[in-house]
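Residue strings, one per chain:
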Amino acid sequence: PESLRPVLELFLHEAKNLTSKIKHDLENRNGESIAQTAHDLKGLAGVMTVLPVYMLGQRLEDLGRRESFEEAWQVHKEICEVLDTVTERVNEFVA
């Protein structure tokens, strides 16, 4: 577990950065940027096999392209909740 700590911490750090950018893009109603950042988040989650974030990222990418901002806000919230749970599990795993 200790050898995984840096990788897991990097994943969580990058995921938080991406969700922060998505929040900013939602506030500015920038569908194109939401779609691109959600695509990046989906890729990151795919590499780490965090499937709930991967699937929600795909959904958010589609919503960004369609500029469905209200629904995108809800998906963003769900992603953040999943990442909070993942963070808790990672902290338990590497403790």
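Quick note: structure is the one above.
Presented here is an overview of the structure given in this document. (Residues numbered from 1 in each chain as written. Predicted model: local features only at pLDDT ≥ 70, side-chain atom pairs only at ≥ 80, totals over all residues. Heavy atoms only, no water.)

### Digging into helix H3 (residues 51–66)
We count it as follows: Put simply, DSSP H or I for four residues or longer makes a helix, DSSP E for two residues or longer makes a strand, and each gets a number counted from the N terminus. Each residue after the first adds 1.5 Å to the expected span of a helix. Relative accessibility thresholds used throughout: buried, under 20% of the residue-type maximum; exposed, over 50%; partly exposed, between the two (1.4 Å probe, protein chains only). The directions considered for the arc are those from the helix axis to the C-beta atoms. Every residue pair with non-hydrogen atoms within 4.5 Å of one another is taken to be in contact.
Taking 1.5 Å of rise per residue, the 16 residues of H3 would be expected to cover 22 Å, and the 23 Å separating its terminal C-alpha atoms lies within 8% of that figure. Within the span of H3, buried status applies to Val53, Leu56, Gly57, Leu60, Glu61, Leu63 and Gly64. The buried side chains of H3 occupy one side of the element, clustering within an arc of 165° when seen end-on. Opposite its buried face, H3 presents the exposed residues Leu51, Met55, Arg65 and Arg66, each directed more than 90 degrees away. In this structure, the buried side of H3 is in contact with helix H1 (5–27), helix H2 (31–47) and helix H4 (69–94). Just downstream of H3, Glu67 is the residue with a positive phi angle, here 55°.

### What about the nonpolar core?
What tends to happen in soluble globular proteins is that the nonpolar side chains get buried as a cluster. Operational definition: As used in this record, nonpolar core signifies buried Ala, Val, Leu, Ile, Met, Phe, Trp, Tyr and Cys residues forming a set joined through side-chain atoms within 4.5 Å.
Of all hydrophobic cores here, the largest spans 24 residues; its most connected members are Phe11, Leu41, Val53, Leu60 and Ile79. Elements with a contribution of two residues or more to this core: H1, H2, H3 and H4. No other element matches H4, which puts 8 residues into this core.

### Re H4
Between the first and last C-alpha of H4 there are 37 Å, a value that for 26 residues agrees with the 38 Å anticipated at 1.5 Å per step. Turning to H4, its buried residues number three or more, namely Phe69, Ala72, Val75, His76, Ile79, Leu83, Val86, Thr87, Val90 and Val94. Elements in contact with the buried residues of H4: H1, H2 and H3.

### As for the packing of H1 against H4
Stated precisely, the cut-off is as follows: Interaxial angles span 0 to 180 degrees and are taken between N-to-C directions of axes, which are lines fitted to C-alpha atoms, for helices over the stretch in contact. Here roughly perpendicular refers to angles of 65 to 115 degrees, roughly parallel to angles under 35, roughly antiparallel to angles over 145, and oblique to all remaining angles. Each crossing gets its hand from how the near helix is turned against the far one by less than a right angle, where anticlockwise is left-handed and clockwise is right-handed. Under this grouping Gly is polar, as are all residues other than the nonpolar Ala, Val, Leu, Ile, Met, Phe, Trp, Tyr, Cys and Pro and the charged Asp, Glu, Lys and Arg.
Look at H1 against H4: their axes get within 10 Å of each other, and the N-to-C directions meet at 160°. Classed by the angle they form, the pair H1 and H4 counts as roughly antiparallel. Considering how the two elements wind past one another, H1 and H4 form a crossing that is left-handed. Among the residues making up the contact of H1 with H4, the classes are represented as 16 nonpolar, 3 polar and 5 charged.

### Digging into the pattern of salt bridges
Heads up, the condition is: A pair is scored as a salt bridge if a Lys or Arg side-chain nitrogen falls within 4 Å of a carboxyl oxygen belonging to Asp or Glu.
Applying the stated rule across the entire model yields 7 salt bridges. Residue Glu61 is joined to Arg65 by a salt bridge in which the shortest nitrogen-to-oxygen separation is 2.6 Å. Here Glu61 and its partner Arg65 are both found in helix H3, 4 residues apart, which amounts to about one turn of the helix. You can call Glu61 buried: its relative accessible area is 3%. By relative accessible area, Arg65 is classed as exposed at 56%. With a closest N to O distance of 3.6 Å, Asp62 and Arg65 form a salt bridge. Residue Asp62 and its partner Arg65 are both found in helix H3; the two are separated by 3 residues, about one turn of the helix.

Coordinates in, geometry out; function isn't part of it.
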